[in-house]
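Spelled out from the first residue to the last, the chains are:
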Amino acid sequence: MLNQNTYIVSNWKMNGTNALMHDMVKTFIEKTVTKKVTPESAHTNVSWIFCPPASLLTETKRHYPTINLGGQDCHPKRAGAFTGDISALLLKESGVYYVIIGHSERRQHHNESNAIIAEKACMAIECGLIPIICIGESEENYIKGQTLAVLNDQLTESLSGIRQHITQAPFIVAYEPIWAIGTGKTATLTDIEKVHSFLRKQLPDTPLLYGGSVTASNAGDILPIPHVNGVLVGDASLKVDEFKAILEAAGAY
Ligand code: 13P
């Protein structure tokens, strides 16, 4: 059974400071760990998953032990001579529960294929993390009406490892159209609903997130869309007031 959580994931990417981390976490932690949304949805919680740069993880956990922390990537291998990379095992040891895998910026700038992403997702699960696996089409795919076909391939290939080797392990899928990331453009509500209904048929029990220029002004329209279980937020998660309004839209205030 799909749980009734609403997930608000902040992906700071390679941004933020130690001081901003303290500001954010002090402001939001109490409201987002166990807060019930409405009497009608008494089992619904808003879970804030905070994904700062790796260098801030340990400090964040030390000061705020109840926080849901996420990494932004992990290596497909458990350990080894991979200078500059981070393993799922080390993330776990820093108090991390989640890890973003296959973000389009990793796919684009680090040439990550679906096959690598499938390996990373397996390793994350083996090390006790919950992967947040990202998929999304390019603007060209979108214009040509290829969105569902592209997502279907990405999903099948990126989940192949989990499906072959691991059953019943929890994971999350985030739909982030590449053309909507950091551009101020969002998919239309109809597009999001169409994609999420398509994903839900394949993944009945998996939390499904939307990401791509989510802001204070559109979160309230996106979160109630059927089969949207939360949002993955980049730029707006670095601004206290903007992020507060997104949490408000999710019912955390
Ligand atoms: P923006 O919210 O800045 O568009 O970034 C979205 C994203 O990439 C989250 O992972």
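In this text the structure is predicted, and so the values were computed from the model without any measurement. (Residues numbered from 1 in each chain as written. Predicted model: local features only at pLDDT ≥ 70, side-chain atom pairs only at ≥ 80, totals over all residues. Heavy atoms only, no water.)

Participant: So what exactly am I meant to see when it comes to the site of the ligand here?
Facilitator: Taken together, the residues surrounding the ligand are Asn 11, Lys 13, His 103, Glu 176, Ala 180, Ile 181, Gly 182, Gly 212, Ser 213, Leu 232, Gly 234 and Asp 235. The separation between an oxygen atom of the ligand and a polar side-chain atom of Glu 176 is 3.0 Å. Contact distances for the ligand include 2.9 Å between an oxygen atom and a backbone N or O atom of Gly 234. Burial of the ligand by the protein chains amounts to 97% of its free accessible area of 300 Å². Among the residues forming the shell around the ligand, the class breakdown is 3 nonpolar, 6 polar and 3 charged. (Near = heavy atom within 4 Å. Polar contact = N/O pair within 3.5 Å; in protein donor to acceptor, adjacent residues only side chain to side chain. Areas by Shrake-Rupley, 256 points an atom, 1.4 Å probe, with all protein chains shown as cover. Nonpolar A, V, L, I, M, F, W, Y, C, P; charged D, E, K, R; others polar.)

Participant: Could you clarify how one ought to interpret the environment of Val 240 in this entry?
Facilitator: Considering the arrangement of structural elements, one finds Val 240 in helix α11 (residues 240–250). As a C-alpha pair, Val 240 and Leu 20 span 220 residues in sequence and 8.8 Å in three-dimensional space. Here Val 240 is in contact with Met 24, Thr 27 and Phe 28, once residues within four sequence places are set aside. (Helix = DSSP H or I, 4+ residues; strand = E, 2+ residues; numbered from the N terminus. Contact = heavy atoms within 4.5 Å.)

Participant: Just checking my understanding: could you explain the pairing of strand β1 (residues 6–11) for this structure?
Facilitator: Within a regular beta strand, the side chains point alternately toward one face of the sheet and then the other, so they alternate between its two faces. Burial analysis of β1 places 6 of its 6 residues in the buried class, which makes it a mostly covered element. Side-chain alternation along β1 places Thr 6, Ile 8 and Ser 10 on one buried face and Tyr 7, Val 9 and Asn 11 on a second face that is also buried. The sheet contact formed by β1 and strand β2 (residues 46–51) spans 6 bridges and is parallel. Directly across from Ser 10, in β2, lies its bridge partner Phe 50. Relative to strand β8 (residues 230–233), β1 runs parallel, the two being bridged by 4 bridges. Residue Val 9 lies in a different strand from β8, and its bridge partner there is Leu 232. (Buried < 20%, exposed > 50% of the residue type's maximum accessible area, 1.4 Å probe, protein only. Pairing = 2+ DSSP bridges.)

Participant: Looking at this structure, I do not really get the pattern of salt bridges. What am I missing?
Facilitator: A side chain with one charge can pair with a side chain of the opposite charge if their charged atoms come near. Following the criterion strictly, the structure yields 11 salt bridges and no others. Put simply, Asp 73 and Arg 106 hold a salt bridge, and the shortest N to O gap is 3.2 Å. Residue Asp 73 is located in the loop between β3 (68–71) and α3 (88–93), and its partner Arg 106 is located in helix α4 (residues 104–109); the two are separated by 33 residues in the primary sequence. Since its relative accessible area comes to 12%, Asp 73 is described here as buried. A salt bridge links Glu 112 to Arg 106, with the shortest nitrogen-to-oxygen separation between them at 3.0 Å. Since its relative accessible area comes to 9%, Glu 112 is described here as buried. In this structure, a network of salt bridges that share partners links the residues Asp 73, Arg 106, Glu 112 and Lys 120. (Salt bridge = Lys/Arg side-chain N within 4 Å of Asp/Glu carboxyl O.)

Participant: Got a minute to help me understand the packing of helix α5 (residues 114–126) against helix α7 (residues 147–158) in this structure?
Facilitator: Two quantities define a packed helix pair, namely the angle between the axes and the distance from one axis to the other. Contact geometry of α5 with α7 gives a least axis separation of 8 Å together with a crossing angle of 45 degrees. One element, α5, and the other, α7, form an angle in the oblique class. Mapping the contact onto sequence places Asn 114, Ile 117 and Ala 118 in α5 and Asp 153, Gln 154, Glu 157 and Ser 158 in α7. Split into classes, the residues belonging to the contact of α5 with α7 amount to 2 nonpolar, 3 polar and 2 charged. (Axes fitted to C-alpha atoms, helices over the stretch in contact; angles between N-to-C directions. Parallel < 35°, antiparallel > 145°, perpendicular 65-115°, else oblique.)

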